[in-house]
Amino acid sequence: MRDLKHLIYFENLLQQANNDLVQDACKDGRLALAWNCSYIPEVLLDTDNCFGVRLRAPNCTNPDMATYYMTNRSCPYSKSILERAFEGGYNFISALIGQECCTTMNRMEQYFEYCELIPNDKFFCTYLDMPLRKTEWHAGYYRRQIEQKIIQPLEKVYGVDFSEKKLRKAVEQFNEVCRIITEMNAMRMADNPVITGYEFHVIQLCTLTCPKDLILPYLRETLAEIKKRKPEKEFPFRARVVVAGSEIDDPEFTKLLETCGAMVVADRYCFGSFPSRERIEIQDGETAFDAICRHYLHWNQCARFMSGDKIDQRHAEVKRLVDEFHADGVIYENMKFCEFWSYEKVLASHILTEEMGVPCCTIEKEYALGSIGQLRTRFQAFVESLEIKKINS
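We now turn to the structure provided with this report. Just so you know, these numbers come straight off a predicted model, no measurement behind them.

## Some words on the sheet that holds strand β1 (residues 31-35)
Strand pairing in a sheet relies on backbone hydrogen bonds, with the paired strands running either antiparallel or parallel. Spatially, 4 strands are ordered β2-β1-β3-β4 in an open sheet, and the strand pairing comes out parallel. In this open sheet, the two edge strands, each paired with only one partner strand, are β2 (50-54) and β4 (124-128). Taking the axes of each pair of neighbouring strands and ignoring which way they run, one obtains an average angle of 25° across the sheet. Two elements, strand β3 (residues 95-99) and β4, share 5 bridges in a ladder whose sense is parallel. Note that in β4 the partner of Q99 across the bridge is L128. Across the sheet, helix α5 (residues 103-114) is in contact with β3 and β4; its angle to β4 comes to roughly 160°.

Here it is as structure tokens:
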């Protein structure tokens, strides 16, 4: 297929957290709010003169300084983020919106303050205590946490306006991004899609790491381009897979999978579009803030949710993606030392394989793609097994 016009530009935006669009926004006096968990209501961080930046540490291969503070048995994602902070890679941020659901990430976030890593007198960190279940009481608790840990500090320190008018404008902008990503996702259901998993991964990451108003013109143009794009004469891959799991913010991981013959047709992982790119619907008589809280508590599928209904929801969502995107199997991934996704990976792969009849391949990986030989071997073997299953059926 013909290369996308803005693909190289999108790739360059992902080379560092302080990319060109982020720098442009900061020059205009806007506030960059860092975040790193799907529990955080992303749309709130794009309200008024703020914009959200989901933290990544591209090309971080040796987090020595962070390991000194956090030990070598800590989550490599958290260590890489802290290492990049020590290097000055996040000096542009105005606040860090964190969470208390993952001990390692929470510890990493605390070091931003303890070590005074951000050269901004007004900089602060805040940590949401996330609910483990989805009940009426937990919904109220989640709402109060957002009010106390996000809205009130930002109003007090920076004077951010969270009025109904501003929130509705942020929701409208968020929904525009969701509409574009949803349309791109729909194209991946085709027998011979006009967009690869790698291209989609790059675009989705840009929506998380760039000011949405500045990236939207490029997204609209790219969507129009993809709609006119002609697919390959024959489907160039040997299998179709859904990828599920923890942090995957390196498009090279998706590229590796696709060079092994498995096209990634759906992404159900942290930094993926399922869930994160569902439209926020404001119901009649409901405030924008109420709609945002309800939306994120319902759609969030973090492995930290322990209630039976949310566990079943996670498994049903992966099965839905397999069916709708005509996938042959699922790659379940977890970051090394990630306890939540380690348990989820084992349970979910068993249920999908034994109870739902969906072939699964489970892997554990480092944050940075270093030695990829073992991963390539696992992926190639899985693709071959899917091909054999097709032949036998």
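Back to the text.
## Here we look at the nonpolar core
Residues I40, Y77, Y90, F112 and V330 are the most contacted members of the largest nonpolar core, which totals 120 residues. Take this core: its biggest share by element is 10 residues, from helix α7 (residues 164-187). With sequence-adjacent residues up to four places away left out, V330 is seen in contact with V242, A244, V318, V322, L352, V358, P359, C360, C361 and F382.

## Thoughts on the pairing of strand β5 (residues 239-245)
Of all 7 residues making up β5, 7 are buried, and the element is well covered by its neighbours. Here β5 pairs with strand β6 (residues 262-269) via 7 bridges, running parallel. Counted as the bridge partner of R240 is M263 from β6. Where the polypeptide runs from β5 across helix α10 (residues 251-259) and back to β6, its parallel neighbour, the crossover connection is right-handed. As defined by bridge partners, β5 adjoins strand β7 (residues 329-335) across 5 bridges and the pair is classed as parallel. The partner of V243 across the bridge, within β7, is I331.

## Considerations on the sheet that holds β6
The strand order across the open sheet formed by 4 strands is β6-β5-β7-β8, and the pairing between neighbours is parallel. Here the strands that pair on one side only, and so sit at the sheet edges, are β6 and β8 (360-365). Pairs of neighbouring strands in the sheet enclose a mean axial angle of 25°, with direction left out of account. For β7 and β8, the ladder comprises 6 bridges, and the chain directions are parallel. Across the sheet, residue E333 finds its bridge partner in β8, namely I363. The sheet strands contacting helix α13 (residues 339-355) are β5, β6, β7 and β8, and the helix crosses β7 at an angle near 165°.

## Details of empty space enclosed by the protein
Applying the stated criterion to the full structure yields 3 cavities of 30 Å³ or more. Estimates place the volume of the largest cavity at around 150 Å³. Together, 13 residues line the largest cavity, and S38, P275, S276, Y296 and N300 are the ones closest to its centre. Examining the composition of the lining of the largest cavity, we find that 3 residues originate from one element, helix α11 (residues 288-299), more than from any other. The class makeup of the residues in the lining of the largest cavity is 6 nonpolar, 4 polar and 3 charged.

## Structural notes on helix α14 (residues 373-392)
Look at α14: 29 Å from first C-alpha to last across 20 residues, which is about the 28 Å you get at 1.5 Å a residue. Of the residues making up α14, those classed as buried are L375, F379, F382, V383 and L386. Down the axis of α14, the buried side of the element spans an arc of 100°, and every buried residue falls inside it. Residues of α14 that are exposed and point over 90 degrees away from its buried face: Q374, I391 and N392.

## As for the packing of aromatic side chains
This model, assessed by the stated rule, comprises 15 aromatic pairs. Relative to F112, the ring of Y90 lies with its centre 6.2 Å away and its plane at 25°, an arrangement referred to as stacked. Of this pair, Y90 sits in the loop between α4 (76-86) and β3 while F112 sits in helix α5, and the two are 22 residues apart along the sequence. In this pair, the class of Y90 matches that of F112, namely buried. Note on F253 and F379: the rings are 5.8 Å apart at their centroids and 85° apart in plane angle, and the pair reads as edge-to-face. Of the two residues, F253 is situated in helix α10 and F379 in helix α14; the sequence distance between them amounts to 126 residues. F379 shares its class with F253; the two are buried. Here K255 stacks its cationic end above the ring of Y198, 4.5 Å away from the centre of that ring. Lying over the aromatic face of F253, K365 brings its terminal NZ or CZ to 5.4 Å of the ring centre.

Criteria and thresholds
Once a new chain begins, its residue numbering starts again from 1 and follows that chain's sequence as written. It should be noted that, the model being predicted, local features are given only for residues of pLDDT at least 70 and side-chain atom pairs only at 80 or more, the latter also being counted only at that level, while totals for whole chains, interfaces and linings use all residues. Excluded from the side-chain calculation are hydrogens and water; included are all heavy atoms of the structure. Strands are treated as partners if at least two bridges between them are detected by DSSP. Labels follow the DSSP assignment, with helices taken as runs of H or I lasting at least four residues and strands as runs of E lasting at least two, numbered in each case from the N terminus. A fitted line through C-alpha atoms serves as each axis, taken over the contacting stretch for helices, and the angle formed by two N-to-C directions is quoted from 0 to 180°. Contacts are assigned to residue pairs with any non-hydrogen atoms lying within 4.5 Å of each other. Residues belong to a common nonpolar core when they are buried Ala, Val, Leu, Ile, Met, Phe, Trp, Tyr or Cys residues joined through side-chain atoms within 4.5 Å. Partly exposed residues are those whose accessible area sits between 20% and 50% of the maximum for their type, while under 20% is buried and over 50% is exposed, using a 1.4 Å probe and protein chains only. Crossovers are marked right-handed if the path from the first strand over the helix to the second runs clockwise, as seen with the strands pointing away from the viewer. Using protein atoms alone on a 1 Å grid, points that fit a 1.4 Å probe yet trap it form a cavity, whereas open point sets bounded by protein on both sides within 12 Å along at least five of seven lines form a pocket; residues with an atom within 4 Å of a point count as lining. Grid points are joined across faces, edges and corners, and a volume is the space filled by probe spheres set on the points. The classification used treats Ala, Val, Leu, Ile, Met, Phe, Trp, Tyr, Cys and Pro as nonpolar, Asp, Glu, Lys and Arg as charged, and all other residues, Gly among them, as polar. Here, expected helix span is obtained from the residue count minus one, scaled by 1.5 Å. Throughout, the arc means the angular range of directions from the helix axis out to the C-beta atoms. Aromatic pairing here means that ring centres of Phe, Tyr or Trp (its six-membered ring) are within 6.5 Å. Orientation follows from the plane angle: under 30 degrees is stacked, over 60 is edge-to-face, and everything else is tilted. Whether a charge sits over a ring depends on NZ of Lys or CZ of Arg being within 6 Å of the ring centre and within 35 degrees of the ring normal.

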